[in-house]
Structure formats: C-alpha cells, structure tokens
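# A closer look at the structure
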Amino acid sequence: MAHRLQVKVLDDRLGGGFPLPGYATAGSAGLDLRAMLPAPLSLAPGAVELIPTGLAIHIADPQLAAVILPRSGLGHRHGIVLGNLVGLIDSDYQGELMISCWNRGQDVFCIEVGERIAQLVLVPVVHAQLELVERFDDSARGEGGFGHSGRH
Ligand SMILES: O=c1ccn([C@H]2C[C@H](O)[C@@H](COP(=O)(O)OP(=O)(O)OP(=O)(O)O)O2)c(=O)[nH]1
Ligand SMILES: [Mg+2]
C-alpha cells in the first residue's frame, strides 16, 4: 500500500510544464527527480554540481528515510552519478531536495532543464539503542571480513 508523503512544490514549473514526480509503473521503486535548473547546464568530465529539484518533502516518520540514487541509464551510459554516491534524506528534513550530480565520464554532459536526473526511494529505518558489552556471543564468522570467506 502506498504511504502518504507530504510534498511542497517550490518551483511552479513542476505540475505546469513538467509533471510532478510519479512512479513510472506500479512496480517502480523510485520517483524520478527533475533538474529544475534556470538553464541547461554543461557538466564537464569530473565536474560536480548541486542541482535543485524544486521539491521539498517532509517524511516526518523517524522509522522512514529516503535515498537519492542515480538513474541506471545515465550512470552506465553517460557516467552521470551522484557526488555523494547516495543521498540520504532524513525524516525531519524540510528543505529543498538537492542532487549532487557528478560527471564521472570522459565527455561533457548537458543536463537539460526539467530532465529526470536521479530517483528517490522511500526506505524503512530502524533506530539502534546501543547496548555496551565486554564480549559478543560466539558467531560463525567472528571477526573475519573483507574477503575472509574466499573469492569464489
Ligand atoms: O543528496 C542529498 C543528501 C542530503 N540532502 C539533504 C537532506 C538530508 O536530510 C540533509 C543532510 O544530509 P546528510 O546528513 O547526509 O549530510 P551531512 O553532511 O551530514 O549534513 P548535516 O550536518 O546537515 O546532517 O541534506 C539532500 O537534499 N540531497
Ligand atoms: Mg548528517
């Protein structure tokens, strides 16, 4: 079942010339976010820019968060990913959603006004209550990590 999410439209081109975010199909996990730029923006190879989305959300529920993820096609084909790799949106954040857009590719990429540039996924969060202990109960893995279980 869909979860209610409060959204403020900060840029009136959204819902006007450009559609508000929506799920592309019933099974889509992400809402596409648009680059609400004043004008097209050329992103040189290696450059990173903070792109406004024209939207603010208030998740409100501390048991939820949202993540901003790259779009697969842009990331794989054009090297357009996120400067922070993944954006994490706190449930109490009420400011504009911003996308750190990084051109990790070899070619200049022009971001068009209103282009769908990244996607937002709502995720569950579990808060930990830290419990200090002197030793852990034994586990199958113990302290082994970083390839400890072999490569293949
Ligand atoms: O890609 C992103 C990442 C974060 N944010 C906003 C929402 C988030 O709730 C807030 C803080 O993000 P985060 O905690 O990851 O950044 P920080 O560097 O730890 O900043 P702060 O000290 O404000 O927590 O910035 C975005 O708009 N886009
Ligand atoms: Mg933080």
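Residues numbered from 1 in each chain as written. Chains lettered and ligands numbered in written order. Predicted model: local features only at pLDDT ≥ 70, side-chain atom pairs only at ≥ 80, totals over all residues. Heavy atoms only, no water.

## Quick look at the sheet that holds strand β8 (residues 96-103)
With antiparallel pairing, four strands are arranged side by side in an open sheet as β1-β4-β8-β6. Single-partner strands in this sheet number two, and they are β1 (6-9) and β6 (80-82). Along the sheet, successive strands turn relative to each other by an average axial angle of 45°, direction set aside. Here six bridges tie strand β4 (residues 48-58) to β8, and the two strands are oriented antiparallel to one another. (Pairing = 2+ DSSP bridges. Helix = DSSP H or I, 4+ residues; strand = E, 2+ residues; numbered from the N terminus. Axes fitted to C-alpha atoms, helices over the stretch in contact; angles between N-to-C directions.)

## A few points about a nonpolar patch on the surface
Together, V7, V9 and L20 make up a nonpolar patch on the protein surface, roughly 240 Å² of accessible area in all. On the secondary structure map, L20 appears in the loop between β1 and β2 (31-34). (Patch = residues over 30% accessible without salt bridge, like charges linked within 9 Å, V, L, I, M, F, W, Y side chains within 5 Å. Areas by Shrake-Rupley, 256 points an atom, 1.4 Å probe, with all protein chains shown as cover. Salt bridge = Lys/Arg side-chain N within 4 Å of Asp/Glu carboxyl O.)

## Points about the nonpolar core
Membership of the largest hydrophobic core comes to 26 residues, with the highest contact counts inside it found for I68, I89, I99, I111, I117 and L120. Every element with two or more residues in this core is listed here: β2, β4, β5 (64-70), β6, β8, β9 (109-111) and β10 (116-124). If near-sequence neighbours (up to four positions away) are discounted, I111 is found in contact with A35, L37, P40, L41, L43, I51, C101 and I117. (Core = buried A, V, L, I, M, F, W, Y, C linked by side-chain atoms within 4.5 Å. Buried < 20%, exposed > 50% of the residue type's maximum accessible area, 1.4 Å probe, protein only. Contact = heavy atoms within 4.5 Å.)

## Focus on the UniProt feature "binding site: substrate" (unreviewed entry) in the protein
If you check UniProt for "binding site: substrate" (unreviewed entry), the listed places come out as R71, S72, G73, N84, L88, I89 and D90 in our numbering. Across 20 residues, the annotated set is spatially dispersed, with a maximum C-alpha separation of 26.4 Å. Following the sequence through the fold, S72 ends up in helix α1 (residues 72-78). Classification of S72 as exposed rests on a relative accessible area of 58%. Beyond its immediate stretch of four places on either side in the chain, L88 contacts A65, A66 and V67. (UniProt positions renumbered as here; feature names shortened; annotations may be inferred.)

## Focus: the site of ligand 1
Taken together, the residues surrounding ligand 1 are I68, N84, G87, L88, I89, D90, Y93, E96, L97 and M98. Taking N84, its side chain carries an N or O atom lying 3.0 Å from an oxygen atom of ligand 1. Separating a nitrogen atom of ligand 1 from a backbone N or O atom of M98 is a distance of 2.7 Å. Counting residues per element, the ones that place at least two in the shell around ligand 1 are β7 (87-89) and β8. A class-by-class count of the residues in the shell around ligand 1 yields six nonpolar, two polar and two charged. (Near = heavy atom within 4 Å. Polar contact = N/O pair within 3.5 Å; in protein donor to acceptor, adjacent residues only side chain to side chain. Nonpolar A, V, L, I, M, F, W, Y, C, P; charged D, E, K, R; others polar.)

## Structural notes on the pairing of β2
Every second residue of β2 is oriented toward a common face, with L31 and L33 on one face and D32 and R34 on the other, all of them buried. By the bridge criterion, four bridges tie β2 to β10 in an arrangement that is antiparallel. Pairing of L33 across the sheet is with A118, part of β10.

## Observations concerning unusual backbone geometry
The phi torsion of most residues other than glycine is negative, and most of the peptide bonds are trans. One non-glycine residue, L85, adopts positive backbone phi at about 65°. If you trace the backbone, L85 turns up in the loop between β6 and β7. What makes L85 exposed here is its relative accessible area of 57%. A positive phi angle is found at F146, which is not glycine, with a value near 50°. Mapped onto the elements, F146 comes out in the segment after β10.

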